[in-house]
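# Structural characterization, general
So you can see what is in the structure, the chains are spelled out below.
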Amino acid sequence: MSAPIITLTTDFGSRSPFVAAMKGVLLCINPDAHLVDLSHDVPPYDVRHAAFFLADALPYFPPNTLHVVVVDPGVGGAREILYVAVAGQRLLVPDNGCWTLLAEGHAQPLRVIRVRERRFWRPIVSSTFHGRDIFAPVAAYLSLGVNPADLGPVTTEWQQLAFPTPQRRTDGLCGEVIFVDNFGNLITNVSGSALTTARAPRVSVGDVVVPNRVRAYADATPGSLVALVSSNGLLEIAEVQGSAARRLSVGVGARVSIDWQQRKE
Amino acid sequence: MSAPIITLTTDFGSRSPFVAAMKGVLLCINPDAHLVDLSHDVPPYDVRHAAFFLADALPYFPPNTLHVVVVDPGVGGAREILYVAVAGQRLLVPDNGCWTLLAEGHAQPLRVIRVRERRFWRPIVSSTFHGRDIFAPVAAYLSLGVNPADLGPVTTEWQQLAFPTPQRRTDGLCGEVIFVDNFGNLITNVSGSALTTARAPRVSVGDVVVPNRVRAYADATPGSLVALVSSNGLLEIAEVQGSAARRLSVGVGARVSIDWQQRKE
Amino acid sequence: MSAPIITLTTDFGSRSPFVAAMKGVLLCINPDAHLVDLSHDVPPYDVRHAAFFLADALPYFPPNTLHVVVVDPGVGGAREILYVAVAGQRLLVPDNGCWTLLAEGHAQPLRVIRVRERRFWRPIVSSTFHGRDIFAPVAAYLSLGVNPADLGPVTTEWQQLAFPTPQRRTDGLCGEVIFVDNFGNLITNVSGSALTTARAPRVSVGDVVVPNRVRAYADATPGSLVALVSSNGLLEIAEVQGSAARRLSVGVGARVSIDWQQRKE
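Conventions used here
- Residues numbered from 1 in each chain as written.
- Chains lettered and ligands numbered in written order.
- Predicted model: local features only at pLDDT ≥ 70, side-chain atom pairs only at ≥ 80, totals over all residues.
- Heavy atoms only, no water.
- Least-squares fit on C-alpha atoms with pLDDT ≥ 70 in both.
- Helix = DSSP H or I, 4+ residues; strand = E, 2+ residues; numbered from the N terminus.
- Buried < 20%, exposed > 50% of the residue type's maximum accessible area, 1.4 Å probe, protein only.
- Axes fitted to C-alpha atoms, helices over the stretch in contact; angles between N-to-C directions.
- Left-handed = near helix turned anticlockwise from the far one by under 90°.
- Contact = heavy atoms within 4.5 Å.
- Nonpolar A, V, L, I, M, F, W, Y, C, P; charged D, E, K, R; others polar.
- Polar contact = N/O pair within 3.5 Å; in protein donor to acceptor, adjacent residues only side chain to side chain.
- Pairing = 2+ DSSP bridges.
- Phe/Tyr/Trp six-rings, centres within 6.5 Å; stacked < 30°, edge-to-face > 60°.
- Lys NZ or Arg CZ within 6 Å of the ring centre and 35° of its normal.

### Description of the relation of the copies chain A and chain B
- Rotating chain A by 120 degrees and translating it 0.0 Å along the rotation axis places it on chain B, where the RMSD comes to 0.0 Å. In short, the pair behaves as if placed about a three-fold rotation axis.

Pasting the structure below:
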């Protein structure tokens, strides 16, 4: 039988000892856990970044993989920790909505449980580092076969993270950049179908028109600014072998518009 | 039986091939080793950073876990490599004091051995990359069951790293920042008890008074500058959902003072 | 029997969900795969950086280790994906020459195969993320024992990456910096033997003479600019406990010259 996989996603960065401490706690309780780092470079406190990250990556994992997510600006406050079975995956998350984008498009979550049962926590719980004191031990016990029902009560209420949705206009759509990747590619909240279904739509970021519509980066010469369908089906703006984010000096929240009918100019 | 864990902590960064080469050497000798990355982003040459990192993270690991630490500005010179059994953990470290903070508060180290026995090293040893040529093969052999006593002679002398200790004053304490985490939180060398035992102490970083004393970040509104007890029991200065380091333009070494008796102002 | 090792080298960075998605796909097909991160911080699109990285690190791995390399500016275009058995290792690479430096100095590659057989790919293949849709599933199937011959036809043609070679001059050599590591050390394309065989050669980077020739960093005082033989046998310029790259404001491509006969000055 394969070792139980536990993935880790945090905003702790790699110069700090926090991820290491979590790994220690996990391996103390389950030395056979198969730890898989997803990212520790979610920007600090950036729950939206985490939400996009999880929605994009988690569906590719084996069914019932356990994912520990500690992007948790509310640590130590009133927010609780949730066990969530959704989209065929299992997550331990702060109740800040970081998983609700993952849930979209899937059947209702099977189950959400409030993690309250202190016997699965470290004996002393700090008020600033629940990753080490609650998330890690609870995940390790789950990987050993503890029943999620033993963690606490089932709940039907949780925080939702509202993501902006594109606005329809008579002649097109108005959306925005929701993620910037390592290459400076701008991923938007507009469906890629906006690009492929219409007659020659005009795509703009702010006031800058994106001159090329391509299928793949390699379809245009390096330095070209292009619009294409991203690997997760969304409208993406890229500079071929460059950085659209740097070139346009934009980031998350930048306005992106699609005009179906090109105006004469 | 579980695979033997070997953790890795270096200042090699992730764009360079050095960590990869170490992993190759380790896996050649013990293909079943369970490699766990702790950090490869210790700032270059920063032995103090490594010392804090190790002291904070290693106690959470299973007893007798083997930790390879290559933050080694003296590589190729007179410094030797040590095998250290301390605080219930086993380390391979350069003899530069990076492990002595971990040893504080624990019983005397059980055992320190000078790693001199060349038969456990790579046949050709470079003068710039002992991580690959000595640390990795020695760790792999240890994980296969080689007796540490075979690595070289026991020693009772080693380099100590002197960490600053807070100075008592009639009306308080004067300490300093010893670590800045990924969030820009300032961890000091002052015990957190300084905050919890006294009547309303006044905390300052340099000349800036920290206005709030909280139990958790979430106890104050975003943007507040707060003092609290860190997850390892030290006095910490933070900006809620921000960066105290950036806001105050300070780093390691910054002066932090605690006044027990608030002056009138 | 040991779990099959699959190493991962990409330019995806760690804030993006791309590496995570690849890991998910790999573990879905082979939950027992032993994934080893080599680097996800190859600079974006930098095939030369990847080439140096692979040539430096891969020879240290156990024979027949499988290495997945996704530094792939041509994704979605005409470039194909190759399976390469070379230097005792097995690679899945884009056909952009990133592996040809590794092949130098070894016997001819045993075998290069064009990865064309779609039954080992994900059913729907995006035009921007072959790491997830082709590399990951193919690697997982290989780790399960699929015969490389089933991936596609053998080929004897592939892209070569031309690395600059040092130019001989009557009184020395003229080379260049080909890699800058995390410490700001400058690795050149000049063999380290240029330093050790001649009588007191003079080494310059651009117009700056490197005043010290040492065996190890620790042989000179911190802040000294030194020339030495790097851990892979090349001429390296370093600032002891500092950054030569920052001090000299140079990077890859900077001119490095060796004068055998010192001029009087």
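### Some thoughts on the environment of proline 137 of chain B
All names here are of chain B.
- Along the chain, proline 137 falls in helix H4 (residues 130-143).
- Owing to a relative accessible area of 1%, proline 137 belongs among the buried residues under this scheme.
- Each C-alpha atom of the pair proline 137 and histidine 67 lies 13 Å from the other, and the pair is 70 residues apart in sequence.

### Points about the packing of helix H1 (residues 18-29) of chain B against H4 of chain B
All names here are of chain B.
- It is the contact of H1 with H4, at a shortest axis distance of 8 Å, that shows an interaxial angle of 35 degrees. Read as a crossing pair, H1 and H4 show a hand that is right-handed. Residues Ala21, Met22, Val25, Leu26 and Ile29 of H1 touch H4, and the partners they reach there are Gly131, Arg132, Ala136, Pro137, Ala139, Ala140 and Tyr141.
- A breakdown of the residues in the contact of H1 with H4 according to their chemical character gives ten nonpolar, one polar and one charged.

### Some remarks on the side chain of asparagine 189 of chain B
Residues and elements named next belong to chain B.
- Mapped onto the secondary structure, asparagine 189 falls in strand S9 (residues 186-191).
- Overall, asparagine 189 belongs to the buried group, its relative accessible area being 12%.
- One polar contact links the side chain of asparagine 189 to the main-chain amide nitrogen of glutamate 176, over a distance of 2.8 Å.
- Discounting chain neighbours no more than four positions away, the residues touching asparagine 189 are Pro164, Thr165, Pro166, Gly175, Glu176, Ile178 and Leu234.

### Some points on the sheet that holds strand S2 (residues 34-39) of chain C
Residue and element names in this part refer to chain C.
- Taking strand neighbours across the sheet as the criterion, the six strands line up as S2-S1-S3-S5-S4-S6 in an open arrangement whose pairing is mixed. Lying at the two open borders of the sheet, with one neighbouring strand each, are S2 and strand S6 (111-114). Taking each pair of neighbouring strands and ignoring which way they run, the sheet shows an average axis angle of 20 degrees.
- Of the pairings in the sheet, the one linking strand S3 (residues 66-70) to strand S5 (residues 89-94) comprises three bridges and is parallel in character. Note on S5: the bridge partner recorded for valine 68 is leucine 92.

### Concerning the packing of aromatic side chains
- This model, assessed by the stated rule, comprises 24 aromatic pairs over all chains.
- The interplanar angle of 70 degrees and the centroid separation of 5.4 Å between the aromatic rings of phenylalanine 18 of chain A and phenylalanine 129 of chain A together place this pair among those described as edge-to-face. With phenylalanine 18 of chain A in helix H1 (residues 18-29) and phenylalanine 129 of chain A in the loop between strand S6 (111-114) and helix H4 (130-143), this pair connects stretches of sequence that are 111 residues apart. Each of the two residues, phenylalanine 18 of chain A as well as phenylalanine 129 of chain A, counts as buried.
- Between the aromatic rings of phenylalanine 12 of chain B and phenylalanine 18 of chain B, the centroid separation amounts to 5.6 Å while the plane-to-plane angle is 75 degrees, which identifies the pairing as edge-to-face.
- A residue is classified by how much of its surface remains accessible, and phenylalanine 12 of chain B, at 8% relative accessible area, is buried.
- On the basis of relative accessibility, which here comes to 9%, the residue phenylalanine 18 of chain B falls in the buried class.
- Members of the aromatic cluster, connected to one another through ring pairs, are Phe12, Phe18, Tyr45 and Phe129 of chain A together with Phe183 of chain B.
- The ring of phenylalanine 163 of chain A carries the charged tip of arginine 48 of chain A above its face, separated from the ring centre by 5.2 Å.

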